[in-house]
Amino acid sequence: MTVNVEIDGEIAIVTIENPPVNAVSGAVRERLLALAVAFDDDPNVRAVVLTGAGKLFVAGADIAEFDRPPEPPFLPDVIARIEASAKPWIAAIRGAALGGGLELALGCRFRVATASARFALPEINLGIIPGAGGTQRLPRVVGVTEAIRIVAENHSPDGVEALRLGLVYTLVDEPLVPAAVAFARSVVGQALPPSSIQRAASMPPPDVWAEAEARVTAGARGAAAPPQALQALKHGIEHGAEAGLALERSTFLALRATEEAAALRHLFFAERAALRPADMRALNPLPIETVGVVGGGTMGSGIAAALLNAGLSVVLIEQDEAAVLRARSTLASLFESSRRRGLISDDDAAGWMARLETAIGYGAAGRCDMVIEAVFEDLAVKRSVFAELGRVCRPDTILATNTSYIDPRLIADGLPGQERFLGLHFFSPAQVMKLLEIVPTPETAPDVLATGYDLACRLGKIPVRSGICDGFIGNRILRRYRAEAETLVRGGVGIAAVDAAMRAFGFAMGPFEMQDMAGLDIAFLYREAARSRGEPLPDMPGDLLVRAGRKGQKTGGGWYDYAAGDRRPRPSADAERVIAPLVGAKTEMAGEAIVSRLMASMAEEGHAILAEGIALGAADIDLVEVHGYGFPRKCGGPMFQAGRTGKT
Ligand code: 3H9
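Residues numbered from 1 in each chain as written. Predicted model: local features only at pLDDT ≥ 70, side-chain atom pairs only at ≥ 80, totals over all residues. Heavy atoms only, no water.

To continue, consider the nonpolar core. The biggest cluster of nonpolar side chains holds 65 residues, and the ones touching the most others in it are L32, L50, I93, F119, L138 and L167. Filtering out sequence-adjacent residues up to four positions away, L32 remains in contact with V3, V14, I16, L50, V78 and L104. Ranked by size, the runner-up nonpolar core spans 54 residues in total, among them I462, L545, V578 and V626. (Core = buried A, V, L, I, M, F, W, Y, C linked by side-chain atoms within 4.5 Å. Buried < 20%, exposed > 50% of the residue type's maximum accessible area, 1.4 Å probe, protein only. Contact = heavy atoms within 4.5 Å.)

See the structure below:
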């Protein structure tokens, strides 16, 4: 049953029970509508308590339905019918009341909630706006300024704040339902207060709209929904609720049908599925409290900061006093920036440093439940680290390498207890980037793999399992993407034209600007190593640039020139001269055609990765690109794009 009814004297208790999150599916809407009609006709029912089963009220509309056309009864009509009821409906809220869940609660005459309840309209994260009155009822209940924050800026008040805002009538303690029933009895027979939609909307001071528009547009970074959510809200305040509801609904329906919204839904489900792959669900992760990190460079310090942010204890291992001091200073600045970004609460600020220990030499690794190696990307260096770790660590300590290219089987070769070894590939800056590629070897034990997933969840990261291949999923696709971009340039397309096309698509930087920032030399050395092994790799324009000393921003030039202290790329006649032997006659190519070529190459590599069993599914490849490589979220990922356009 999706909606249960219990009668307690003159009070009807309606419980939405639609696991896992009580989403308002078609069946829930149908039943709620029928109940609203039935209770009005039933003289024995004098008030209705509406609540959700389990830990939360209602997480919103059923997002899985959004790939199909809307089906009646529509949520706005259900809410309007509840709101029009002759008897008081009381929403009793614990946990989350999100999206359509909050809209449903706003349709009730009263809302009572526990202090830890949480209220939000997260529709903009799905590329849509509230579609069942949220942009109209909320400002009439909490005022325009607060409503803007909730509707268009992802503000999410808890019960205590909701009480202050007037969003809930009173806070109640658990057990929730008896408390709500007692409240319902106290209002039976009283005149109904005005419904949310009937309340007078107060005009904000004139500068509120302009300020909000500027803020919301800037915060949206090109996403369509937030400014449109604000417009719907404003329209209803300026032209009345009826006009506001009409604009809200038409905007919701239009946005629901966009590619952007489909892409965001795809990622919503992919991100959740990634945390709990089917074969990991029955496994128990091993307990991890203290993690060793070998190497305090940029990557090691970033990993240490991510662990500390998540409340774990860290032992950072370096070779000598000077390296320890450098790592400590890096961590001190990461601490400050994590605090500024709100990743560390004020309560935890002292604990953060107290949980950090630095050590010279491997002895301290003996106390760790897990050790992550983050040293120079060189097989011999990494093997010597694991030889030491194999000697000093407990036999049950999980040992992980952060390698981004090297075959983990070679790194683990000779290590005692290979079932506790796996690859955990973080992305730089590791305390910020959400992706964690998890690379098991054939020997990795299932519970060790499950512990990798558990760690990712604790760090707030998205885990994606990768099989073993050169560059794993992400760097393999990156290499293909860059090679295709260079192929375009060899065919006469301008360097700046390629970058501009990819920026217009939604990347923060084009492939050449990105290489200049990261440095061209690592990929060059990688290709040189392959050549020295006898692999037939022809010269690429990037090879010519590195040989000419143009390694990117750090040498004042790569694909572009850079003025001292200025990271803005400037077209470079020198770079063009250097690569000229490999470049054909200049040609114009439309931005869309450039994007389509580069997308197709990424998807083609993705299909090869799938065919080889390196990725478990296409959605995992999209997660890697979105969370590790800056692929625009609103475009869903290369495999999603390929599926929509039919191109590979
Ligand atoms: C909306 O309401 C539009 C209206 O304005 C207008 C309508 C006309 N639908 O996140 P979890 C699944 S738009 C369907 O891992 P948690 C999720 O995929 C909606 N499924 O749990 C997962 O499935 P599985 C606005 C949903 O405890 C399972 O539930 N609302 C929905 O970490 C558990 O999810 C939102 O955007 C849904 N609405 O977090 C809220 N929500 O087990 C979105 C979840 O198969 N939801 N699932 O992998 C959330 O933020 C979190 O899920 C929540 C629980 C905080 C509720």
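So that's the structure; there's more coming.
Another aspect to go through is the sheet that holds strand β12 (residues 370-373). Consider a sheet: its strands pair through backbone hydrogen bonds, and that pairing is either parallel or antiparallel. In space, the eight strands of this open sheet follow the order β11-β10-β9-β12-β13-β14-β15-β16, with mixed pairing throughout. The sheet is open, and its two edges are formed by β11 (356-360) and β16 (462-465), each paired on a single side. Put simply, the sheet's adjacent strands are angled 25° from each other on average, direction ignored. Sheet topology places strand β15 (residues 435-440) next to β16; four bridges connect them, and they run parallel. Residue pairing for β16: L436 is matched across the bridge by P463. On the sheet, helix α17 (residues 446-458) packs against β12, β13 (398-401), β14 (421-426), β15 and β16 and is oriented at approximately 175° with respect to β15. (Pairing = 2+ DSSP bridges. Helix = DSSP H or I, 4+ residues; strand = E, 2+ residues; numbered from the N terminus. Axes fitted to C-alpha atoms, helices over the stretch in contact; angles between N-to-C directions.)

Our focus in this paragraph is the pattern of salt bridges. Inspection of every chain in the model, using the stated rule, returns 46 salt bridges. A salt bridge links E377 to K382, with the shortest nitrogen-to-oxygen separation between them at 3.2 Å. Judged by its relative accessible area of 31%, E377 falls in the partly exposed class. With a closest N to O distance of 3.3 Å, D413 and R383 form a salt bridge. You can see D413 sitting in the loop between α16 (408-412) and β14 and its partner R383 sitting in helix α15 (residues 379-392), a full 30 residues away along the chain. Several salt bridges share partner residues, and in doing so they unite R527, E528, R531, D539, D543 and R547 into one network. (Salt bridge = Lys/Arg side-chain N within 4 Å of Asp/Glu carboxyl O.)

Close to the ligand lie 26 residues, the nearest being A59, G100, E103, E123 and R272. Note that an oxygen atom of the ligand is positioned 2.8 Å from one of the backbone N or O atoms of A61. A distance of 2.5 Å is found between an oxygen atom of the ligand and a side-chain nitrogen or oxygen belonging to R272. Protein chains bury 74% of the 1000 Å² of accessible surface belonging to the ligand in isolation. Of all the secondary structure elements, the ones that give two or more residues to the shell around the ligand are α3 (100-106), α10 (241-256) and α11 (259-275). Broken down by element, the residue count for the shell around the ligand peaks at three residues, all from α11. Each residue belonging to the shell around the ligand can be placed in one class, and the counts come to 15 nonpolar, four polar and seven charged. (Near = heavy atom within 4 Å. Polar contact = N/O pair within 3.5 Å; in protein donor to acceptor, adjacent residues only side chain to side chain. Areas by Shrake-Rupley, 256 points an atom, 1.4 Å probe, with all protein chains shown as cover. Nonpolar A, V, L, I, M, F, W, Y, C, P; charged D, E, K, R; others polar.)

This brings us to the pairing of β13. Residues I398 and A400 point to one face of β13 and L399 and T401 to the other, with burial holding for every one of them. Of the strand pairs in this sheet, β12 and β13 are connected by four bridges, and their pairing is parallel. Residue pairing in the sheet places E373 in a bridge with T401 of β13. Between the parallel pair β12 and β13, the chain is carried across by α15, and the sense of this crossover is right-handed. Sheet topology note: the β13/β14 ladder contains three bridges and is parallel. Within β14, the residue paired with A400 across the bridge is L422. (Right-handed = clockwise from strand over helix to strand, strands pointing away.)

Let's shift gears to the environment of V293. Locating V293 in the fold gives a position in strand β9 (residues 290-294). By relative accessible area, V293 is classed as buried at 0%. Spatially, the C-alpha atom of V293 lies 4.8 Å from that of L316, the residues being 23 residues apart in sequence. Leaving out residues up to four positions away in the same chain, V293 has contacts with G300, I303, A304, L307, V314, V315, L316, I317 and I372.

Residues spaced three or four apart along an α-helix face the same direction, because each turn holds 3.6 residues. Under the 1.5 Å per step criterion, the end-to-end length of α11 is 25 Å for 17 residues, consistent within 8% with the ideal 24 Å. All of the buried residues in α11 are E260, A261, A262, A263, L264, R265, L267, A270, E271 and A274. Summarising the contacts, the buried residues of α11 are in contact with α10, α17, β16, α25 (618-628) and α26 (638-645). (Expected span 1.5 Å × (residues − 1).)

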